[in-house]
Amino acid sequence: MSISTDRPWRDPALPAAERVGLLLQAMTLEEKVAQLGSRWAGNDMADSEVPEDEALNVAPMEDVFSAGGTQSLEDASRDGLGHLTRVWGSYPLSVEQGIAEVIRQHEVVLKNSRLGIPALVHEECLTGFTTYGATVYPASIAWGATFDPSLVERMAAAIGRDMAAVGVHQGLSPVLDVVRDYRWGRVEETIGEDPYLVGILGSAYVRGLQSAGVLATLKHFAGYSASRAGRNHGPVSMGRRELLDIILPTFETAIATAGAASVMSSYADIDGLPASADSWLFTDVLRGEWGFGGTVVSDYWAVPFLASMHRVAADDADAGALALTAGTDVELPDTIGFAGLVDKVRSGEVSEELVDRAARRLLLQKVELGLLDEDWTPEGSVQASVELDSTENRAIAAELAEKSVVLLDAGSALPLAGPTKVAVVGPCADDARSLMGCYAFPNHVLPRYPDRGLGIEIPTVLDALRNELAGAELSHVKGCGFTGDDRSGIAAAVAAAQDSELCIAVLGDLSGLFGHGTSGEGCDAEDLRLPGVQGELLDALLGTGKPVVLVVVSGRPYALGEFADRTAGLVQAFIPGQAGAAAIAGVLSGRIVPSGKLPVQIPRHVGGQPGTYLQPALGSVESAGISGLEARPLYPFGYGASYTSFEVGDLRLSAAEIANDGEFTATVRVRNTGDRAGDEVVQLYLRDVVARVARPLKLLTGFARVSLEPGQAVEVTFQVHADRTAYTGPDLRRIVEPGDFEVMMGTSSVDLPCRASVRITGDVRVVGHDRVLTTPVTIAADPGGG
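The text that follows walks through the structure, step by step, so that each part is easy to find.

Conventions we followed
Residues numbered from 1 in each chain as written. Predicted model: local features only at pLDDT ≥ 70, side-chain atom pairs only at ≥ 80, totals over all residues. Heavy atoms only, no water. Pairing = 2+ DSSP bridges. Helix = DSSP H or I, 4+ residues; strand = E, 2+ residues; numbered from the N terminus. Contact = heavy atoms within 4.5 Å. Axes fitted to C-alpha atoms, helices over the stretch in contact; angles between N-to-C directions. 1 Å grid on protein atoms, 1.4 Å probe; cavity = no way out; pocket = protein on both sides within 12 Å on 5 of 7 lines; lining within 4 Å. Points joined across faces, edges and corners; volume = space filled by probe spheres on them. Nonpolar A, V, L, I, M, F, W, Y, C, P; charged D, E, K, R; others polar. Salt bridge = Lys/Arg side-chain N within 4 Å of Asp/Glu carboxyl O. Buried < 20%, exposed > 50% of the residue type's maximum accessible area, 1.4 Å probe, protein only. Phe/Tyr/Trp six-rings, centres within 6.5 Å; stacked < 30°, edge-to-face > 60°. Lys NZ or Arg CZ within 6 Å of the ring centre and 35° of its normal.

What follows is about the sheet that holds strand 2 (residues 83-85). The strand order 1-2-3-4-5-6-9 describes an open sheet built from seven strands, whose pairing is parallel. Two strands close off the open sheet at either side, each with one partner strand: strand 1 (38-39) and strand 9 (295-297). Examined bridge by bridge, strand 1 and strand 2 share two bridges and lie parallel to one another. Following the sheet pairing, Ser38 is matched in strand 2 by His83. Sheet strands in contact with helix 9 (residues 240-258) are strand 5 (215-221) and strand 6 (262-265), and its direction is about 165° off that of strand 5.

Below you can see the structure in the form of structure tokens.
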């Protein structure tokens, strides 16, 4: 291969950093700044409702992709371009159309670029590749319910392979925000309320996606999920200690253990300082302490929001200078704030070294992705034929769905014992959209194109029950909508229940965006009652005296305290994806032995929510009598019932005392004492008996999913380093402190029958990013012959 002497950066034989250095030397200021920007050529998100007779699918493709924004792709890329935004994720394209559009947009950028630097293509991929006809996997909150990092990694690898095959370089996932308020609409996008669970499963996603050559983007850095009153984009009132101990470890783990390539800024401001303007977050911590070498990309429009929303900048140009200085490298989805950087540098307000710093990071990723190799072409970056909803994808989606469904209470009816006449009631029963999250293409984009259907076959719960209960007579009445106060259908639902042997009420959420749903981005809740009049519908059904099995299909936990004791069975399905209906029906029938565990608690009361399980003594049940508000959840974090039974016992610690840099092992014996094969999730929690600050009474420190045949037993051993007890002390240094720690093991944050103590000796030890962040686990056959 002959490398042009005037473009030596195209030589793959040279070290990547050297190639980037040579390229930067050849670039003008305008060309370097252009690499820090992006263009969303297909954005029509402002058109929330598109009449069928004006749907854009009848327009020429060139017209569709020039819609949105104020600048054409040609003008935006006159000096080159950093990113192409959501070529696939903006409009319902066939694979052939999408490939053609990727090539077209690349050619526009290359034609406008003096140096021929391709743009990097990014897409959303939270519940699968967000494009028309692609597999829709369960939402992140359902991954959390599986407690299965290897399965999440397999899912992400499948997503990455599909994206890489059609020319996508970067995925805007996973979300590593830790749930702090169940009312927040984006709870469905999170993995749960525990930082260790979120960090381990999020890291698994990163490994999977990046194994396919697609860069993973951790979001939202940081604090976004802790907004006041659960309001999207709301300000965050959080001390630095909580930030360091609860919010940041998920990101740190994914960077340290999985090599995450990119981080996305949060919209939030913490104590008045917007994340995008916080150099402590993006430069001191992320770069300085953690050694992160990848790119920081802005959340969409987060840079101009510094001026228009946070009002810490005078205008877009000032916002761009502020974000660049703090550590943002690339502005998404369009270049707005960074458009003024050339003038800011020329006037001396911004150092060109900051532009070089950001450009170097992005160009290094382009080199590593092969975009600057001599033989790279737009046509060669895509495959000729790709199946985006393959048999393999669907099998993974089904396995995830099955492992995520949580049996809260089998009651008197579950598993179903051959009912002959069943009423299926509720808005989620016959609406496939309720099975998918707000970033699934059918809910994210297709509402604007109602004539395009869902793009894939997605059975509803009603469809699945008809298949599962083939010998039964099923009737269906919706009863009420997801939202609103229309009660006109409740009477018919009650009549259907009274005329049946059993009623299955399928209630919960419809995910959408910015108020067009009950869950999802911008769909925050005032309280935790079931949306609309669904609670009234359920109350009326329970009043019939007929057995009612409640299935909640939702993106957040809802308060079920007033209903739980009256149901004949209770199942929680966190947005389980396109295969979710079959998983739900299989759990109800007993074909599937449920094994999901709660990644968030189920509240007892609609208003007096206890928050998450991570409570110090004064926020827990130990404070009973101090407040009239009930602190106990209805079902605790980590809980999930089964159709078989398990026994966890015989806890053994390898040592009763360890040094402040030592480790111990904790081993328990787990036996399936029932008559069916099943999975159990063994959970290890630690309690710091006496600490320098008020700490949560228990913290998940390790977990393992085990599969056992009837009568089979295994030994589960956790390797716990003293670093796993570290916390942020009064002086904001993270320390391992000598003292006693209670070791608790069991099957939920409350069901912890195995308890012992270990003492850490020595002096207080300050730890940093090089500390042990994970708890390795091994599973071995029971030496006793189980």
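What follows covers the environment of Ala16. Structurally, Ala16 is set in helix 1 (residues 16-26). Taking the C-alpha atoms as reference points, Ala16 and Leu363, 347 residues apart in sequence, are found 9.3 Å from one another. Setting aside residues up to four positions removed in sequence, Ala16 forms contacts with Leu364 and Val367.

This next bit is on the layout of surface pockets. Looking at the largest pocket, its volume works out to about 880 Å³. Together, 45 residues line the largest pocket, and Pro195, Asp245, Ile246, Leu614 and Leu699 are the ones closest to its centre. When residues of the lining of the largest pocket are traced back to their parent elements, those giving at least two are helix 8 (195-211), helix 9, strand 19 (678-688) and strand 20 (699-708). For the lining of the largest pocket, the leading source of residues is helix 9, giving seven residues. A class-by-class count of the residues in the lining of the largest pocket yields 21 nonpolar, 10 polar and 14 charged.

Now for the pattern of salt bridges. One pass over the structure, following the stated rule, counts 42 salt bridges. Between Arg705 and Asp679 there is a salt bridge, with its nearest N and O atoms 2.8 Å apart. Here Asp679 lies in strand 19 and Arg705 lies in strand 20, a separation of 26 residues in the sequence. A relative accessible area of 15% means that Asp679 is categorised as buried.

So, on to the packing of aromatic side chains. All told, the structure shown has 19 aromatic pairs when counted by the stated rule. Their ring planes at 75° and their centres at 6.0 Å tell us that Tyr196 and Phe703 sit as a pair that is edge-to-face. Of this pair, Tyr196 sits in helix 8 while Phe703 sits in strand 20; the two residues are 507 residues apart in sequence, bridging distant segments of the chain. Phe703 carries the same exposure label as Tyr196, and that label is buried. Over the face of the ring belonging to Trp280 we find Arg240, whose NZ or CZ atom lies 3.5 Å from the ring centre. Stacked on the ring of Tyr132, the Lys or Arg Arg452 has its end atom at 5.0 Å from the ring centre.

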